[in-house]
Structure formats: C-alpha cells, structure tokens
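Summary of structural features
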Amino acid sequence: MSYNSKLTKKIISANDIVRELNLYRFHSQKIVFTNGCFDILHRGHVEYLTKARDLGNVLVLGLNTDASVKRQNKSPERPINNQETRAMILAALECVDHILFFDENTPLELIKIVQPDVLVKGADYDAKETDPKSKKYIVGSDIVKARGGDVATIDLTEGFSPTGLISKLKD
C-alpha cells in the first residue's frame, strides 16, 4: 500500500469508525478524542495533538467542515485551507490515527459515536465545568464522564495561532 493510501485511509466516516473502535476496544486500547478546525497547522497544533495522543493509544480527531468553520465567525476568509486539505495534512501526522469530519457547530454527535475513554480540549476550556452554557464547558464531557472516562485539558503553546499567522502574513 502506498504511503498516500495509508494517509487517506485515516480519513474515515462516522459509520466506518465504529468497526475500528470495536477492534481497539477488543485489544484494550485507550481511545482519545479531540476536535478543532486546524486551519493552518503550526507548532502549537503539533504539540497539542502529540500531548493528546500521549493520553491513550489511539487518537481520533473530529475536524470541522468548511461550513462549520464559517459558522464560528473566526474571520471572513477562514478557513484558509479547505477541509480535504486540512484532513490530509493532519493525516500525515503520526500521532493522529483517524480523522472524522463534522458539520455541526459542536462535535457532540461524534462524541456519542466514538465514546472516547479520554476527551481532550485546550486549557482555554475547563474539564471541571458542568454548565453547558459556559464558554469553558467541554461539549460531551458529561457523556465521557458518565461512562467512567476522563476529560483533560492541555496547555496551549504561547505565540502560535492561525489568526496570529494570518496577521503576520498581512504585515
């Protein structure tokens, strides 16, 4: 199998991920889930994803579709890279095992399907927040905790953000 084929196989549908997850669970593998736009991949993203992967054996990444990114009102020109490009770049990272697109505003439906052992977000969220209306609430944390899973946050690398990179390019 070509390396390119291996990468494209990481990009999987929500329907197909269930079979893969069952195999991992059969082999007592700990499944980690995180999500995001990952529009312009940078050092902060790589550090975040490698630290997330270190929390288990398999990293499943929920990737916002282009339409979902646009609804987040980050800026009119976002996303810079389309969803297929973002997925292929992320698939090239060894720490990422599977990538699933989601078109909703949150990854809640994917979390229900994946049922991760560990749910991860950046430290701008709070793993202990229980109020779904709070900006610090981690969507799906109630589902993961109810199954006995963990919810974790990872410190973000200072000085790295797609918005900052875009700003530098415009200067």
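What comes next is a walk through the structure. Quantities reported herein were computed from a predicted structural model and do not represent experimental measurements. Within every chain, residues take consecutive numbers counted from 1 along the sequence as written. Local features in this predicted model are restricted to residues whose pLDDT is 70 or higher, and side-chain atom pairs enter the listing and the counts only when it is 80 or higher, whereas totals over whole chains, interfaces and linings include all residues. Remark: hydrogens and water are excluded; side-chain values derive from all non-hydrogen atoms of the structure.

Time to look at unusual backbone geometry. With an omega dihedral of 0°, the bond running from Arg-78 to Pro-79 counts as a cis peptide bond. By secondary structure assignment, the location of Pro-79 is in the loop between helix H4 (66-71) and helix H5 (83-91). Although it is not a glycine, Ser-28 adopts a positive phi angle of roughly 55°. For helices the rule is a DSSP run of H or I covering at least 4 residues; for strands it is a run of E covering at least 2, with both sets numbered from the N terminus onward. Looking at the element boundaries, Ser-28 is found in the loop between helix H2 (14-26) and strand S1 (31-36). For Phe-38, which is not glycine, the phi torsion reads 50° and is therefore positive. Among the structural elements, Phe-38 can be located in the loop between S1 and helix H3 (43-53). Each residue is assigned to one of three classes by its accessible area relative to the maximum for its type, calculated with a 1.4 Å probe on protein chains only: buried under 20%, partly exposed between the two thresholds, exposed over 50%. Using a relative accessible area of 8% as the deciding quantity, one classes Phe-38 as buried.

To qualify as a nonpolar core, a set must consist of buried Ala, Val, Leu, Ile, Met, Phe, Trp, Tyr and Cys residues joined through side-chain atoms within 4.5 Å. Formed by 20 residues in total, the largest nonpolar core has its most connected members in Leu-49, Leu-61, Leu-90, Val-96 and Ile-99. At the level of secondary structure, the elements contributing two or more residues to this core comprise H3, strand S2 (58-64), H5, strand S4 (118-122) and strand S5 (150-154). Any two residues whose heavy atoms approach within 4.5 Å are treated as being in contact. If near-sequence neighbours (up to four positions away) are discounted, Leu-90 is found in contact with Phe-38, Leu-41, Leu-49, Leu-61, Leu-63, Val-96 and Ile-99. Residues Leu-110, Ile-138, Val-144 and Val-151 belong to the second largest nonpolar core, which totals 18 residues.

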